[in-house]
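The residues making up each chain are set out below.
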Amino acid sequence: MSTLTITPLGFAAGAEVTGIDLRKPLDAADRLRINEAWLRHLVLVFPRQELTPQEQIVFARNFGALDQHESQAPQTLHADHHEILVLTNKLVGGKQSGTHNSGRNWHTDLSYTTCPAKGALLHCKEKPPVGGDTMFANLYIAYETLSPTMRKLLESLEALHDVSLIRGIEQRDPALVADMKRRNPPVIHPVVRVHPETGRKSLFVGQRIRGFLGVSDEESQSLLAMLNAHATSPEFVYRHRWSVGDLLMWDNRCSCHVALGDFDQTKPRVMYRCSLQGQEVTGRFATEAAAADRDQMLQAVAAVS
Ligand code: SIN
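Below: a short report on this structure. (Residues numbered from 1 in each chain as written. Predicted model: local features only at pLDDT ≥ 70, side-chain atom pairs only at ≥ 80, totals over all residues. Heavy atoms only, no water.)

Side note on the overall build of the protein chain
Piece 1. Of regular secondary structure, the protein chain possesses seven helices and 16 strands.
Piece 2. Here the C-alpha radius of gyration of the protein chain, 19 Å, is about what a compact globule of 305 residues would show, namely 19 Å.
Piece 3. In terms of principal-axis extent, the alpha carbons of the protein chain reach across some 55 × 50 × 35 Å.
Piece 4. The buried share of the protein chain, reckoned over its 305 residues, is 55%.
Piece 5. Across the protein chain, contacts joining residues at least 24 apart in sequence account for 82% of those joining residues at least 6 apart.
Piece 6. On the protein chain, roughly 13900 Å² of surface is accessible, and the fraction owed to carbon and sulfur atoms is 54%. (Helix = DSSP H or I, 4+ residues; strand = E, 2+ residues; numbered from the N terminus. Rg over C-alpha atoms; globule rule 2.2 N^0.38 Å. Buried < 20%, exposed > 50% of the residue type's maximum accessible area, 1.4 Å probe, protein only. Contact = heavy atoms within 4.5 Å. Areas by Shrake-Rupley, 256 points an atom, 1.4 Å probe, with all protein chains shown as cover.)

Quick look at the pattern of salt bridges
Piece 1. One pass over the structure, following the stated rule, counts 17 salt bridges.
Piece 2. One salt bridge in this structure joins Asp-162 and Arg-210, with 2.9 Å as the shortest N-O distance. Taken together, the positions of Asp-162 in the loop between strand S7 (158-161) and helix H5 (174-183) and Arg-210 in strand S11 (residues 209-212) put the pair 48 residues apart, joining distant regions of the chain.
Piece 3. The partly exposed category is assigned to Arg-210, whose relative accessible area is 39%.
Piece 4. Two residues, Glu-197 and Arg-253, come together in a salt bridge whose shortest N-O distance is 2.9 Å. One end of the pair, Glu-197, is in the loop between strand S9 (192-194) and strand S10 (201-203); the other, Arg-253, is in the loop between strand S13 (247-251) and strand S14 (255-259), with 56 residues separating them in the sequence.
Piece 5. Of the residues examined, Glu-197 reaches a relative accessible area of 37% and is grouped as partly exposed. (Salt bridge = Lys/Arg side-chain N within 4 Å of Asp/Glu carboxyl O.)

Things to note about the pairing of strand S4 (residues 85-88)
Piece 1. Side chains of S4 alternate between two faces, with Leu-85 and Leu-87 and Val-86 and Thr-88 buried alike.
Piece 2. Bridge count between S4 and strand S15 (residues 270-276): four bridges; the pairing is antiparallel. Paired with Leu-87 across the bridge in S15 is Met-271. (Pairing = 2+ DSSP bridges.)

Some remarks on the sheet that holds strand S2 (residues 15-18)
Piece 1. With mixed pairing, seven strands are arranged side by side in an open sheet as S1-S2-S3-S13-S5-S15-S4. Either end of the sheet is taken by a strand with one partner, and the two such strands are strand S1 (5-8) and S4. Going from strand to strand, the sheet's axes swing by 25° on average, the running direction of each strand aside.
Piece 2. Direction of pairing for strand S3 (residues 43-46) relative to S13: antiparallel, over a ladder of four bridges. Note on S13: the bridge partner recorded for Val-45 is Leu-248.
Piece 3. Across the sheet, helix H1 (residues 28-41) touches S1, S2, S3, strand S5 (119-126), S13 and S15, and the angle it forms with S3 is around 130°.
Piece 4. Contacts from helix H2 (residues 53-60) reach S3, S5, S13 and S15 within the one sheet, and its direction differs from that of S15 by about 30°. (Axes fitted to C-alpha atoms, helices over the stretch in contact; angles between N-to-C directions.)

In structure tokens:
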């Protein structure tokens, strides 16, 4: 009989899953219980798991196909496992890594693509003695607590998501940044999303949005600031304090998150992330020309690799 135990960690999100060794094959009953807990709590924490990259990949595949990371610069991926994005502030090949300051503003993973990730599984390999937490906001509650009039207004609104709004991107290697921008021209997504499994609506906002379509810049900026402040209210947030060996799995279809830079940057912080491929294309490129340029680039890369 399964020893799996699920203990809520927060009101808005977060539950700890114990009594399971993620290196072992997952049976159908446990997979179902984990998936149900994931849909309910949005962020699951599996403490004290020591997984090799391959074991992390195998576990992640229980919940969907893995993103192949076409949106990321190849130098930021694990050398032997391209399914893993390496988030590290350590030097890579003697140079600052392209992910040394990743995730530092509120975002939903890969919202700058037409098919944002379904979810992610992040494994803590090294962490600073203090700080470097990650916060997650429940975007269902964010939507549901808006007034009916505001919800109605947002139903038909679309937002422009832009990779160049990643906080601190200008501090990264310019060649890597140029690569990221070419892979990810601005995309348009609806502001209200419907979760494909729960059928619940959520507010699809964050700090990588440039503005809303069909409204003035001034209106956009005020509305965006209001929605982001609302969505990330402390009541809607779970804050995770990492331990080495934690594996976190979050539902990207109804949450956003931020990796805090509140730690001594001379201390290593290393995380391995698998992203679950998005299930549906919810966005479109803002301009045809940028989309064609991106396709050409990806074809050229495929031809030489
Ligand atoms: C991410 O934004 O996916 C990374 C979160 C983290 O490093 O804590």
